[in-house]
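# Architecture and fold: a report
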Amino acid sequence: MAKVKTTFFCQNCGSQFAKWQGQCNACKEWNTIVEEVIQTPEKSDWKSPTSKVKKAAVPLRIKDIDMSNEARLDTMDGEFNRVLGGGIVPGSLTLLGGEPGIGKSTLLLQISLKLPYKTLYVSGEESQKQIKMRAERINPNNNNCYILTETKTQNIFKQIEALEPDIVIIDSIQTLHSDYIESSSGSISQIKECTTELIKFAKETATPVLLIGHITKDGNIAGPKILEHMVDTVLQFEGDRNHVFRILRAHKNRFGSTNELGIYEMQGSGLREVSNPSEILISKKDEELSGNAIAATLEGMRPLMIEVQALVSTAVYGTPQRSATGFNAKRLNMLLAVLEKRAGFRLGAKDVFLNITGGINVDDPAIDLAVVASILSSNEDVALQKDICFAAEVGLSGEIRPVQRVEQRILEAEKLGFSTIYVSKYNKISLKKTAIKIQLISKIEDLVTMLV
Ligand code: TYD
Ligand code: MG
């Protein structure tokens, strides 16, 4: 094991000595010199090894830890601030992931152009001219934003030391490359090394760093999973590329909740904040169509509103057809049997088609109630109101069962502008005041009387 290295520091002026002495040569104070453990320059250090040795960390009482300069940086972007939990924490590392072309570079460039601080935007993907062209579309007048096209971390840190920016943006972590590691950019060890250097830099200088990360084809951030553990915040930028709306979510946030989401609209002049998200739903469909119902589901940890469509029609040929896309066909049959037995619907001679729009596959049981509602709506040919949604499981005896994390679903529905959400009476909900009406139901018969 390597020997612990110590050295002597004057507590008054910070001068460093090789051995103890009574008086400090520099400030002439007596009895101020103490021995401290130092960190030897390691290989993953953002400063060059010749830089001054620094003191190793010592334990502090929690009440003695200085919080005075921990005020968050306002990004001037309401949606971004909200997702981060109120702005960027100094010294934090934020990772923004998302599919290619979704607008990650646009979002962070736009934020750099809005910020009133000195910002350094480091791009390993585009040239300065390309970035300038993009910036021209967004906000051409900004004197605080510096663009650097560089991929070698040691060179980036040299520029940072000279420029002393208040915030650093890296596009993207997969293009960075450190001299300390042989392997090529984007490899696991390079990503780990470059992130370690950036974390050290961020923590030591209290400069926040925003990283852009590529994602793999299954939607995870490319590189080691440890990358997500290393950074303080992981944001995901998503949305349908052919669609104009983009959703920003926090997957992990050491300084705030992960329930908030930010919505943007991609326009010719960059991303516009959508502060009233119900405008998305209302603009999407003006007509109320029968057979449509919205379910508040969870995709992994994330709440997601999806649309369920059902078509119930009289069977033309002998045996009625039952078909489901994106939903378990056996479960559909079970729900039809429950409807038949408990609510007296004669669906035995009807074809039933069910479709989850958007081509997603859902196995969250909380979608049951929306499936039942869409079938009822199609069967009666009565459209449901477009601003209601559902989140509950249906049991074999027709009881409406509670679902996990119902509050998160309710908040998502509220955020997206729904006026009413139908949930099970047996769900424990501790939300105090909500703009959305929470309709509690216990039996499937209740749903029938409420909707039809
Ligand atoms: P980009 O930020 O390059 O995506 P990423 O960095 O995630 O790969 O997104 C570029 C897309 O956004 C591109 O298809 C063009 C579109 N766009 C606009 O519609 N308006 C704009 O003002 C800008 C800058 C880009
Ligand atoms: Mg990009």
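Described in the following lines is the structure provided in the data block. Within any chain, residue numbers begin from 1 and follow the written order of that chain's sequence. By the order in which they are written, chains take letters starting at A while ligands take numbers starting at 1. Two thresholds apply to this predicted model, a pLDDT of at least 70 for residue-level local features and 80 or more for giving and counting side-chain atom pairs, whereas whole-chain, interface and lining totals are computed over all residues. Each side-chain value is derived from all of the structure's non-hydrogen atoms; neither hydrogens nor water enter the calculation.

### A word on the packing of helix α8 (residues 329–343) against helix α11 (residues 444–451)
Definition in use: Fitted lines through C-alpha atoms serve as axes, helices being fitted only where they are in contact, and the angles separating the N-to-C directions of these axes extend from 0 to 180 degrees. To qualify as a helix, a DSSP run of H or I must reach at least 4 residues; to qualify as a strand, a run of E must reach at least 2; elements of each kind are numbered from the N terminus. Oblique is the label for any angle not under 35 degrees, not over 145, and not in the 65 to 115 range, which are roughly parallel, roughly antiparallel and roughly perpendicular in turn. By definition, residues are in contact when any of their heavy atoms lie within 4.5 Å. Ten residues, namely Ala, Val, Leu, Ile, Met, Phe, Trp, Tyr, Cys and Pro, are considered nonpolar, four, namely Asp, Glu, Lys and Arg, are considered charged, and the remaining ones, Gly among them, are considered polar.
For the pair α8 and α11, the least separation of the axes is 9 Å and the interaxial angle reads 80°. Taken together, the axis directions place α8 and α11 in an arrangement best described as roughly perpendicular. Contacts between α8 and α11 involve Val338, Leu339, Arg342 and Ala343 from the first element and Ile444, Glu445 and Val448 from the second. Partitioned by chemical class, the residues of the contact of α8 with α11 number five nonpolar, no polar and two charged.

### A closer look at the nonpolar core
Inclusion rule: Joining through side-chain atoms within 4.5 Å is the link that ties buried Ala, Val, Leu, Ile, Met, Phe, Trp, Tyr and Cys residues into a set, and such a set is a nonpolar core. Buried, partly exposed and exposed residues are distinguished by accessible area as a fraction of the type maximum, computed with a 1.4 Å probe on protein chains only: under 20%, between the cut-offs, and over 50%, respectively.
Ranked by size, the top nonpolar core spans 39 residues in total, and within it Ile367, Leu369, Val371, Ile375, Phe390 and Leu447 carry the most contacts. Every element with two or more residues in this core is listed here: β13 (292–299), β14 (302–314), α8, β16 (350–356), α9 (368–380), β17 (388–391) and α11. When residues of this core are assigned to their parent elements, the largest contribution, seven residues, is made by α9. The residues contacting Ile375, other than those within four sequence positions of it, are Ala310, Val312, Leu332, Leu336, Leu339, Leu347 and Val352. Among the nonpolar cores identified, the runner-up in size contains 28 residues, and Ile102, Leu107, Tyr121 and Cys145 belong to it.

### Considering unusual backbone geometry
Cis rather than trans, the peptide bond between Asp171 and Ser172 has omega equal to 0°. The topology assignment puts Ser172 in the loop between β7 (167–171) and α5 (188–205). The phi dihedral of Glu164 is positive, around 50°, even though this residue is not glycine. Considering the arrangement of structural elements, one finds Glu164 in the loop between α4 (153–163) and β7. Relative accessible area serves as the criterion here: at 58%, Glu164 is assigned to the exposed category. Of note, the phi angle at Ala206 is positive, near 60°, even though the residue is not glycine. Within the secondary structure layout, Ala206 lies in the loop between α5 and β8 (209–213). Classification of Ala206 by relative accessible area gives partly exposed; the value is 39%.

### Digging into the sheet that holds strand β12 (residues 270–273)
This is how it is decided: For two strands to pair, DSSP has to find at least two bridges joining them.
Strand order in the open sheet formed by nine strands is β6-β5-β7-β8-β4-β9-β10-β11-β12, and the pairing between neighbours is mixed. Of all strands in the sheet, those bounded by a partner on one side alone are β6 (145–149) and β12. Strand after strand, the sheet turns through a mean of 25° between neighbouring axes, direction not considered. For β7 and β8, the ladder comprises four bridges, and the chain directions are parallel. Its bridge partner lying in β8, Asp171 is registered against Ile212. Here helix α3 (residues 128–138) sits on the sheet in contact with β5 (119–123), β6 and β12, set at roughly 150° to β6.

### Regarding the site of ligand 1
Stated precisely, the cut-off is as follows: Residue proximity to a molecule or strand is established when one non-hydrogen atom of the residue lies within 4 Å of it. Two N or O atoms count as a polar contact when they lie within 3.5 Å, although within protein this holds only if one can serve as hydrogen donor and the other as acceptor, and sequence-adjacent residues are included solely when both atoms are side-chain atoms. For the accessible areas, the method is Shrake-Rupley and the probe is 1.4 Å, while residue cover comes only from the protein chains on display.
Near ligand 1 there are 15 residues, and of these Gly101, Ser105, Thr106, Gln267 and Gly270 occur at the shortest range. In the model, an oxygen atom of ligand 1 is placed 3.0 Å from a nitrogen or oxygen of the Arg134 side chain. Gly268 is positioned such that a nitrogen or oxygen atom in its backbone is 2.9 Å from an oxygen atom of ligand 1. Burial of ligand 1 by the protein amounts to 74% of the accessible area it has alone, namely 560 Å². Broken down by secondary-structure element, the contributors of at least two residues to the shell around ligand 1 are α2 (104–114), α3 and β11 (261–267). For the shell around ligand 1, a count of residues per class yields three nonpolar, eight polar and four charged.

### Notes on the pattern of salt bridges
The condition is simple: Think of a salt bridge as a Lys or Arg side-chain nitrogen and an Asp or Glu carboxyl oxygen that are within 4 Å of each other.
Counting across every chain of the model gives 18 salt bridges. One salt bridge connects Glu126 with Arg134, and the closest N-O pair in it is separated by 2.5 Å. For Glu126, a relative accessible area of 17% gives the class buried. Among the residues examined, Arg134 registers a relative accessible area of 22% and is labelled partly exposed. Two residues, Arg254 and Asp232, come together in a salt bridge whose shortest N-O distance is 2.6 Å. On the criterion of sequence distance, the pair formed by Arg254 in the loop between β10 (245–253) and β11 and Asp232 in the loop between α6 (226–230) and β9 (233–238) is long-range, its members being 22 residues apart. Through salt bridges with shared partners, a single network forms among Arg331, Asp368, Glu393, Glu399 and Arg401.

### Comments concerning the pairing of β8
The test is simple: Assignment of crossover handedness uses the view with strands pointing away from the viewer, where a clockwise path from the first strand over the helix to the second indicates a right-handed crossover.
The element β8 is largely enclosed, with a buried count of five among its five residues. On β8, burial covers both faces: Val209, Leu211 and Gly213 on one face and Leu210 and Ile212 on the other are all buried. Looking at chain direction, strand β4 (residues 93–98) and β8 are connected through five bridges and run parallel. Within the sheet, the bridge partner assigned to Thr94 lies in β8 and is Leu210. The parallel pair β7 and β8, bridged by α5, forms a crossover whose chirality is right-handed.

### Section: the environment of Gly291
Mapped onto the elements, Gly291 comes out in the loop between α7 (278–284) and β13. Judged by relative accessible area, which is 0%, Gly291 ranks as buried. Put simply, Gly291 and Leu384 are 93 residues apart on the chain and 7.8 Å apart in space, counted from C-alpha to C-alpha. Ignoring anything within four residues of it in the chain, the contact list for Gly291 reads Val308, Gln309, Ala310, Ser374, Ser377 and Ser378.

### A word on the packing of aromatic side chains
Just so we agree on the cut-off: Each Phe, Tyr or Trp ring (for Trp, its six-membered ring) is paired with any other whose centre lies within 6.5 Å, and the angle between the two planes then decides the class: stacked below 30 degrees, edge-to-face above 60, tilted in between.
This model, assessed by the stated rule, comprises three aromatic pairs. An angle of 80° between the planes, with centres 5.9 Å apart, marks the rings of Phe237 and Tyr264 as edge-to-face. With Phe237 in strand β9 and Tyr264 in strand β11, this residue pair connects regions lying 27 residues apart in the sequence. An identical accessibility class is assigned to Phe237 and Tyr264; each is buried.

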